[in-house]
Amino acid sequence: MTNASDIALTPAAAARVAAIAERQGKPAILRLSVEGGGCSGFQYRFGLAEGIDDDDIRVDTDGATLVVDSISLDLVRGCSVDFVDSLGGTAFRVENPNAASGCGCGTSFAV
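Figured I'd write up the structure that's included with this text. (Residues numbered from 1 in each chain as written. Predicted model: local features only at pLDDT ≥ 70, side-chain atom pairs only at ≥ 80, totals over all residues. Heavy atoms only, no water.)

Considerations on the nonpolar core
Which entries qualify depends on this criterion: Buried Ala, Val, Leu, Ile, Met, Phe, Trp, Tyr and Cys residues that are joined via side-chain atoms within 4.5 Å together make up what is termed a nonpolar core. Using a 1.4 Å probe on the protein chains alone, a residue whose accessible area is under 20% of its type maximum counts as buried, one over 50% counts as exposed, and one in between counts as partly exposed. A helix here means a DSSP run of H or I that spans at least four residues, while a strand means a run of E at least two residues long, and both kinds are numbered starting from the N terminus.
Ile 7, Leu 9, Leu 32, Leu 66, Val 81 and Phe 92 are the most contacted members of the largest nonpolar core, which has 25 residues in total. Sorting the residues of this core by element identifies strand 1 (7–9), helix 1 (11–24), strand 2 (29–37), strand 4 (57–61), strand 5 (64–68), helix 2 (70–76), strand 6 (79–86) and strand 7 (89–95) as the ones contributing at least two each. Counting residues per element, this core draws most heavily on helix 1, which supplies 5 residues.

As structure tokens, then:
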């Protein structure tokens, strides 16, 4: 069984999702999915979603929603999605306790 406590969206990430969605005239729904590839085996994919699918797990934070499909959830269960604005650039970042290793760019991981 899965529930919304399996994933988290930080307030900083929620604010960024809301700002992007407002500019694009879309709902404030961020989809996180995992695909094979990247330099470590799996890579994160982010995008604004038009809606929430029946098999999605969702978590709501400050008016924004993070959704993860049931297949990707097994690889990101327990993760937190944050938004980081630093000298290296701005990006959504996944803190994933399941990742055994990751790459320097932070977009791919191995389990």
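A word on the pairing of strand 6
A regular strand places its side chains so that they alternate between the two faces of the sheet. The condition that has to hold: A pair of strands is treated as paired once DSSP finds two or more bridges between them.
In terms of strand pairing, strand 1 meets strand 6 through 3 bridges, oriented parallel. Looking at strand 6, one finds that Ile 7 is bridged to Cys 79. Both strand 6 and strand 7 contribute to a ladder of 7 bridges, which runs antiparallel. Along strand 7, the bridge assignment pairs Val 81 with Val 94. Between strand 6 and strand 7, which pair antiparallel one after the other, the connecting turn spans 2 residues.

As for the sheet that holds strand 1
Where we set the bar: Think of each axis as a best-fit line through the C-alpha atoms, taken over the contacting stretch in the case of a helix, with angles from 0 to 180 degrees between the N-to-C directions. We call two residues contacting when some pair of their heavy atoms lies within 4.5 Å.
One open sheet holds the 3 strands; their spatial order is 1-6-7, and the pairing between them is mixed. Because the sheet does not close on itself, it has two edges, and the strands there are strand 1 and strand 7. Going across the sheet, the axis of each strand differs from the next one's by a mean of 25 degrees, ignoring polarity. Contacts from helix 1 reach strand 1, strand 6 and strand 7 within the one sheet, and its direction differs from that of strand 6 by about 70 degrees.

Digging into the pattern of salt bridges
Using the following cut-off: When a carboxyl oxygen of Asp or Glu lies within 4 Å of a side-chain nitrogen of Lys or Arg, that pair is called a salt bridge.
Throughout the structure, instances matching the rule amount to 7 salt bridges. Between Lys 26 and Glu 50 there is a salt bridge; the shortest N-O distance is 3.8 Å. Linking Lys 26 in the loop between helix 1 and strand 2 with Glu 50 in the loop between strand 3 (41–48) and strand 4, this pair joins segments that are 24 residues apart in sequence. Under the relative-accessibility criterion, Lys 26 is labelled partly exposed at 34%. Salt-bridge contacts for Arg 45 lead to Glu 35; the nearest nitrogen and oxygen are separated by 3.1 Å. In this pair, Arg 45 is assigned in strand 3 and Glu 35 in strand 2, connecting sequence segments 10 residues apart.

Section: the environment of Gly 36
Inspection of the secondary structure assignment puts Gly 36 in strand 2. Residue Gly 36 is classed as exposed on the basis of its relative accessible area, which comes to 59%. Setting aside anything within four residues of it in sequence, one finds Gly 36 in contact with Gly 41, Phe 42 and Gln 43.

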